[in-house]
Amino acid sequence: MKPSLFVNTLGASQLWRRLLLVCWLLLALVGCAPTKLLPPGQNLLNEIELKGVDKADAERMQTLYQQQPNSRFPIPKLLIYQLGTNFYDSTKVRRKLNEDLERYNQLIAEARPDSVEVAKLTQKRERRNRRFQQKLEKGNSIMRIGEPPVLYDTALTRQTVTQLDIFLKSKGFFRSSVYATDTVEDRRVTVTYHVHEGLPFHYTQLNYTIPDTAVERRVLASRPQSLLHVGDQYDEEVIGQERTRLETLLKNAGYYDFREQYITLEADTSFAPTTVRLRTFVADPAPGQSHRLYTIERVSFISDAGIVRFGVARDTIVRDSVKFLAYEHKIRPRILDNKLEVRPGDHYSLANTLLTQRQLGTLDMFRFNTVNYRRLPRQSNTLADSVQGQLAAIVNASPAKKFQETTEFGGTYVSGLVGPFANVRLRVRNPFGGAEVLEFGIRSGFEGQYNIASTDDETSGNPDAVLTTQIGGNVNLVIPQFIIPFRPQRYLVQYNPRTRINASYTFVSRPQYTRTNAEATYDYIWQRSEFHQYVFTPADLSIVNTPFNSIDPAFLANLQELSNQGFPLIQSFTRQLVPSINFTSLYNSNDFNETRDARYLRLYAEVGGLTRKIYQTVFPDLNVFNFARFSADYRRYIKLDSKSYFVYRFNVGAARALTPTTYYPPGSDEQQTGLIIPYDKFVFAGGSSSVRAWAPRRLGPGSFSTLINGKQNLAQEQPGELLLEGNVEYRFPLYSFINGAVFTDFGNVWLLHADVSRIEKNPDYKNAQFAFNRFYKEFAVGSGFGLRFDFTFLILRLDIATKVYDPTYPGNRWVIRNFGFGARQTAFNLGIGYPF
């Protein structure tokens, strides 16, 4: 008998209790007296309270504290620091530092006159010296994970009182007051900030004083867009935003020289209690002198800035009154002209300047680009020249490298196996002279998979794991305009339109079968805003083929048995042609490293097989399915402080066959008809970006469980037609570039249509159907802890998640009682990037 990989329920509960007891004893030994770390005469800042805040923003006020107590969540960092002090001796560290310096000084002296060896030894000495100095200043590695005790400072408390008072005044609480009290008990200080807000002041009048009549007309015309309104509470932050709005407004109207310093807002609170009369002054640049309105007289575009050829002048092509200069016009001027929003004869506009830079940047043709302006001298001294000026715009774009190669090596950890992979990508810029981007990609690797045809009864139904071989390639061409019969490019340029043509091929070899997938897509991509993108794919065509002679007979028998139980895995091994049309709307206000307070919403809709009669006429041997698919993924990133975040996510997906399809299953001459979805279009739950305590695609459906010999089958993928899942995660810093996370995931998949014949064969199959009276009881729940290694350009992730509630488990569904590190209970997820 093979040794079991799992801990039984009794053993797990005993182990869990012992671990808790050890943790409590450790905390008791370490944390009984953190005040022992305090210098004589110093106290520990233990707690801060804020009282009396009713209408003001208490959370904003708490960020003004000049001192914060030691962090206690998710783990008390002062206790960790105290634990580290038990293994720290500064005298010993200093002695080692001196010994190390003496040793390296001797080695350097012996290495002379070899300057190369001396340089190497000097670098090693300095590097080791920095490490010892860091240990002297901040302690050992355990102490640096924790936090040293925060020593209470009365001066910082007084500064906090001042900052709180200033903040309240800036928010319109002009009659407010703040004072602080502190209480000391056992050398632990609790500071209480007492706030008296008073009544907030509100605007009763909003007036303007603008001597320049032309500027006055533009400012008054924009009053509906003003951030200040009669009845609003006085707020200096909003006043600052209004000043910025007015500056941007006038810069977009042609006032190139205008600055925010010309704008002053004065508040008068003397007319009536709790009222403010606010007056906006827009000063002239000089007494009796009006602001000058600038017009762009000429535009020059240098597309090879930074390149110098002595004695050779750049060639000039004029298009739409714009001069395009280059030693060699490698990109057609028409393409560049479509990206220009700075045009001769237009008034200067800051918005058009930034839009031009952004659109040139999205071409991926240039390392950088700038739009500079030069004032042109006046032609005469007339009155018109004193209020009007002319600019020459110069666009400088430095070309990027034509070829760019990217090579990636890595590994995956799936089904208990580590599989290496390699990706090679070659990007070719401007291959046809139209600012196109052509990419070639080759990928190969191994990935772990459970062997569905092999099950070991001795390990509670756990199948053997095997490595599959995957080889693939793709060709991708991005054209910086819409390829359509008519030419509305001039009207669409602000949306950064692109056409993408992609072709890919994937070959998968497993011991049970060989499978290929060839796919071609034609996409239109455009931006609604900086954060919002649309993708419309009028043509998405894929051909999936599994040669029948490549399917292992035992594996085929297993597929047929699963099909009789109601699972359509066998469908994925037919020859399929999947034509579809899809649309994606993606809004994402976050960045790559997810460091913003942001939102994410992805909506996806797809309809397939609308023209299947045409395809079936041409390709009678291919199965063409008619289906519809929809998904919505919403994420919220809440920034708690500079490095801590609370993130939650809701993900919904649905897939449904629209009409019945007649097909031949592999290895059978008997036709079958049913509501069938291409296997790759089903929805799945489980995996490193889903419910992490379950293996990829292994959760659900509903509370139905596939059994082999009466035991759960972990190998079987669980396709569904409806997906509901959510995630909650708290992210926090641990040490240097290492961040931590605690999370809880929940979700499941269900089938939407009832298959009466399958229910007759297996009455429990009805538990796979979605039902309003029980679906909320069928959410699987998993929790865990994760580490993120943030290298800025790359984020490596390790998540350890354990099952808490398993709706498919035979017996007590609260499987947390069976806690252990076996594959059935706990999952280890390795990945690149954040899970969501």
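So, a few notes on the structure that sits alongside this text. Here the structure is a predicted model, which is why all the values come from computation and not from measurement.

Attention now goes to the pattern of salt bridges. Overall, the coordinates contain 37 salt bridges when judged by the stated rule. Among the ionic pairs, Asp 523 bridges to Arg 500, the shortest N-O distance being 3.0 Å. With Asp 523 in strand β17 (residues 514-527) and Arg 500 in strand β16 (residues 498-509), this residue pair connects regions lying 23 residues apart in the sequence. Among the charged side chains, a salt-bridge network with shared partners connects Glu 594, Arg 692, Glu 729, Arg 731, Asp 745, Arg 788, Arg 797 and Asp 799.

A contiguous patch of positive charge on the surface is contributed by Lys 120, Lys 124, Arg 127, Arg 130 and Arg 131. Examined against the element boundaries, Arg 130 turns out to sit in helix α5 (residues 115-138).

Right, let's get into the packing of aromatic side chains. Each aromatic ring pair is specified by the distance between its two centres and by the angle formed by the two planes. All chains considered together, the criterion is met by 33 aromatic pairs. Each ring, one from Trp 750 and one from Phe 779, has its centre 5.8 Å from the other, and the planes form 90°; the classification is edge-to-face. Taken together, the residues Trp 750 in strand β28 (residues 738-750) and Phe 779 in the loop between α16 (756-761) and β29 (780-790) connect sequence positions 29 residues apart. Among the aromatic side chains, those forming a connected cluster through ring pairs are Phe 746, Trp 750, Phe 770, Phe 772, Phe 775, Tyr 776 and Phe 779. The cationic tip of Arg 277 hangs over the ring face of Phe 271; the distance from NZ or CZ to the ring centre is 3.5 Å.

We now examine the packing of helix α4 (residues 90-111) against α5. Helices that pack against each other are described as a pair by the angle of their axes relative to one another and the distance between those axes. Packing of α4 against α5 brings their axes to within 10 Å, and their N-to-C directions diverge by 175°. With respect to each other, α4 and α5 are oriented roughly antiparallel.

To continue, consider the nonpolar core. Among the nonpolar cores identified, the biggest contains 26 residues, and Phe 301, Phe 366 and Tyr 373 are the most heavily contacted of them. Secondary structure elements with two or more residues in this core: β7 (293-302), β9 (322-326), α10 (333-338), β10 (366-375) and β11 (388-399). Beyond its immediate sequence surroundings of up to four residues, Phe 366 is in contact with Ser 303, Ile 331, Leu 336, Leu 360, Ala 397, Ser 398, Pro 399 and Ala 400.

Reading guide: rules and limits
- Residues numbered from 1 in each chain as written.
- Predicted model: local features only at pLDDT ≥ 70, side-chain atom pairs only at ≥ 80, totals over all residues.
- Heavy atoms only, no water.
- Salt bridge = Lys/Arg side-chain N within 4 Å of Asp/Glu carboxyl O.
- Helix = DSSP H or I, 4+ residues; strand = E, 2+ residues; numbered from the N terminus.
- Patch = residues over 30% accessible without salt bridge, like charges linked within 9 Å, V, L, I, M, F, W, Y side chains within 5 Å.
- Areas by Shrake-Rupley, 256 points an atom, 1.4 Å probe, with all protein chains shown as cover.
- Lys, Arg positive; Asp, Glu negative; His and termini not counted.
- Charge placed at Lys NZ, Arg CZ, Asp CG, Glu CD.
- Phe/Tyr/Trp six-rings, centres within 6.5 Å; stacked < 30°, edge-to-face > 60°.
- Lys NZ or Arg CZ within 6 Å of the ring centre and 35° of its normal.
- Axes fitted to C-alpha atoms, helices over the stretch in contact; angles between N-to-C directions.
- Parallel < 35°, antiparallel > 145°, perpendicular 65-115°, else oblique.
- Core = buried A, V, L, I, M, F, W, Y, C linked by side-chain atoms within 4.5 Å.
- Buried < 20%, exposed > 50% of the residue type's maximum accessible area, 1.4 Å probe, protein only.
- Contact = heavy atoms within 4.5 Å.

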